[in-house]
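The lines below spell out each chain.
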Amino acid sequence: MTAQPATPLRIPAQPSHEYRPHDWPPQNKKATPPGITRYYAATHGPVAGPDVLPDPAGHEDGNFLFRLLRRQFRYFMGFDFVRTWRKRAEILSAGVVWTHTEAQARAVLLLYRLTPLSAHPPLIAQCDWLTERWALEPSWRRLVLRSLLARADVLTFMSGQDMAYARALLPGRRMEWVGPAAPLPEPPPRPPHMPRTPPRILSLGHDPGRDWTGVLEAMAFMPPGMACDIRVATLWRRELPAHARPAACPSALYDEVDIVVVPLTEKLDAADLAVIEEASRHGLPVIIPNTGGLRHYLDGHCVFYVPPADPHALGQAIATLANDPERRAAMVRQARARMRSFPVSFTHTLRHVALSRELLARGAAVSPPAFTPAASSAQGLRITVGIATSGRPAILRETIAELRRQSHPPRQIIVCAPTPADVAGLSPAPDLQILQGPRGLAHQRNVILDHVGETDIILFFDDDFLPDRNYLAVCADAFASAPDIVGTTGRVLADGAKGPGLTVEDARRMLDDPRINNTTTQPALQPAWNGYGCNMAYRLSAIRAAGLRFDERLPLYAWYEDIDFSRQIGRLGRIVRANGAKGVHLGSKLGRTPGRRLGYSQVANPLYLSRKGTFPLDHALRSIGRNIAMNALRSLWSEPYIDRRGRIVGNWLALRDALRGSLSPEKILTL
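First, a word on what this report is: a plain description of the structure on this page. (Residues numbered from 1 in each chain as written. Predicted model: local features only at pLDDT ≥ 70, side-chain atom pairs only at ≥ 80, totals over all residues. Heavy atoms only, no water.)

A short note on the nonpolar core
In a soluble, globular protein the nonpolar side chains are often hidden away together inside. Within the largest apolar cluster, 91 residues are counted, with the highest numbers of intra-cluster contacts made by Leu-155, Val-260, Ile-288, Leu-298 and Ile-569. Tallying contributions element by element places helix H6 (residues 102-114) first for this core, with seven residues. Grouped together as the second largest cluster of nonpolar side chains are 30 residues, Ile-413, Tyr-471, Leu-472 and Cys-475 included. (Core = buried A, V, L, I, M, F, W, Y, C linked by side-chain atoms within 4.5 Å. Buried < 20%, exposed > 50% of the residue type's maximum accessible area, 1.4 Å probe, protein only. Helix = DSSP H or I, 4+ residues; strand = E, 2+ residues; numbered from the N terminus.)

Digging into the pairing of strand E13 (residues 383-388)
With six of its six residues buried, E13 lies for the most part within the structure. By the alternation rule, side chains of E13 split into Ile-383, Val-385 and Ile-387 and Thr-384, Gly-386 and Ala-388, which are all buried. Looking at chain direction, E13 and strand E16 (residues 457-462) are connected through six bridges and run parallel. Residue Ile-387 lies in a different strand from E16, and its bridge partner there is Phe-461. In the sheet, E13 pairs with strand E14 (residues 412-417) via five bridges, with the strands oriented parallel. Within the sheet, the bridge partner assigned to Thr-384 lies in E14 and is Gln-412. For the segment spanning E13, helix H15 (residues 393-403) and E14, crossover handedness is right-handed. (Pairing = 2+ DSSP bridges. Right-handed = clockwise from strand over helix to strand, strands pointing away.)

Comments concerning the sheet that holds strand E12 (residues 304-306)
What the five strands build is an open sheet, ordered E9-E8-E10-E11-E12; its pairing is parallel. The open sheet has two edge strands, strand E9 (229-233) and E12, and neither has a second partner. Within the sheet, the average angular offset between the axes of one strand and its neighbour, ignoring direction, is 25 degrees. Pairing of strand E11 (residues 286-289) with E12, which is carried by three bridges, proceeds in the parallel orientation. (Axes fitted to C-alpha atoms, helices over the stretch in contact; angles between N-to-C directions.)

Details of helix H16 (residues 441-451)
In terms of burial, H16 is largely enclosed, as nine of its 11 residues are buried. Within H16 the residues assigned to the buried category are Leu-441, Ala-442, His-443, Gln-444, Arg-445, Asn-446, Val-447, Ile-448 and Leu-449.

What about the environment of Arg-336?
Here Arg-336 is to be found in helix H13 (residues 325-341). For Arg-336, a relative accessible area of 16% corresponds to the buried category. Sequence separation between Arg-336 and Cys-302 is 34 residues, and the spatial gap between their C-alpha atoms is 8.2 Å. Of note is the side chain of Arg-336, whose polar atom sits 2.7 Å from the backbone oxygen of Ser-280. (Polar contact = N/O pair within 3.5 Å; in protein donor to acceptor, adjacent residues only side chain to side chain.)

As for the packing of helix H23 (residues 617-634) against helix H24 (residues 644-660)
Relative orientation of the contacting elements H23 and H24 amounts to 135 degrees, with a least axis distance of 8 Å. Relative to H24, H23 is oriented oblique. Handedness of the crossing formed by H23 with H24: left-handed. Side by side, H23 and H24 meet where Asn-627, Ile-628, Met-630, Asn-631, Ala-632 and Arg-634 of the first sit next to Arg-644, Arg-647, Ile-648, Asn-651 and Leu-655 of the second. For the contact of H23 with H24, the class distribution of residues is five nonpolar, three polar and three charged. (Parallel < 35°, antiparallel > 145°, perpendicular 65-115°, else oblique. Left-handed = near helix turned anticlockwise from the far one by under 90°. Contact = heavy atoms within 4.5 Å. Nonpolar A, V, L, I, M, F, W, Y, C, P; charged D, E, K, R; others polar.)

This is a description of form; function is not addressed.
Structure, rendered in structure tokens:
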């Protein structure tokens, strides 16, 4: 592959009136508690790279007539077109245009309609409020919205469920999940504090449709003799019940309360991450209805989820946290750790940059100059091994022992586990970094990517994969042999995942047996369609150039996450199988996903990846048919180590949801 210097990419971002980057925050200190509005004024430049020139369009108030015209048009159409029209020269001369909300996207797309003779740069439209406000829009506005957004090149989302809803509104449009936006730097977090008596509750939110009545009704379900002081902060005070007491001093609210309640109704977006982020910085636990959009980022260890529209459950949750200081402190610690692990820089900014490069390359009919691998000898290549683990501390210790015996030693081993118990018996060392992240293979591998330092190759092993002593050396030889190789996978001598599993002793016996591990009759390298998740390696420069992440919409076991990641990075170069890189996959049955959940993923994940474009539909259908047939057949005399009946139930639940149009990989979290 011949890499060429990247062309500087000028991107005018279209902030709305409230998000002026030169004057942030404009009114939050007086009118809105910190975190109640998600800000988009963060600088993309340092993250995006020196060849990307973000150009946020500054706000211009103009004279009285201009402001009047602008307000009237915005009131009638629902978006600020007048300001976009005044900025048309810089928008139309850009490489790519990013918009942060649907309203801004509509303004730019209307500009394109009114300038048919001009060249229109590709538009990447981030959608924050589409599903929440769709039902509130009048029918004629919905027609305009659908007509304009259908012409966007890519629609991006921070919430997977929001994106699933949008697919029904705009079928056939390209949509991508990009993770949360980066916040502005904030002061260091404050330690949790002991609650006051009575405890003070802050309930807040700035968008319409909040369940303020449910919050007040929850007080009737508190334990006898227990009372709370509730304070409400919102810009929509006309929606408050008559007996509700608004907060008097928004700027100091977080310092005066003990627990934060976010009273969501049915809501699929993830905009309230900012409120949770701010609360965790002040050492406050958060109670929030489980409406779906936030579950993708924060699990039940980070926030206290309650059913929507259930005052009884909300009252019990407030009482539980008020009487359990240890749980409050643990929730704050977990929320802070998860916030730090958010794939902000890669999933959001760099994902937008990668999409921009792709759109420009498609328009020019040439391949994008994705990355420039430096020529290097195999001995000089630095390899970092990442291991996502759960529930197998004894096997994990054996795997790390094998890695420390490698003839080409790894620069570092990074282990990510959901709980300290998962890494029992291990201690951080100069060559071993231990991280804690949310449960789920994709989540944990993304945490590893966030903490990788200066290295050339990132090698992902399952915690139950025992490599041959020369595995890393052969891997380094493969990458050094050709700069267009972006990924490798090794040869699995035995795969216990296809049977009852193997022991560590079995694996070592196979690795020492020349009759089993002989690879002299096979080519050193051969093409591979994807890396096998238990052992796969990639150039870190390619991952960062493309802004790639493991798809966190594939939760828990993340069925087929290896195919999805491989096919994305495979657009930048070759993926090969290095037959000399040998190992044994134990296929331990500890820490596995329950049968019903895995069965659902066997149907939902291939179909999701097919829509995403990383797994051909014919491959997906063959995979689904094969798994359903095997589960149905073997459920009659199931293997003792596989829950076939649970899998077939999960298969049928997924097929039912597919027919209803409600199929989503994340649903396994509620099965």
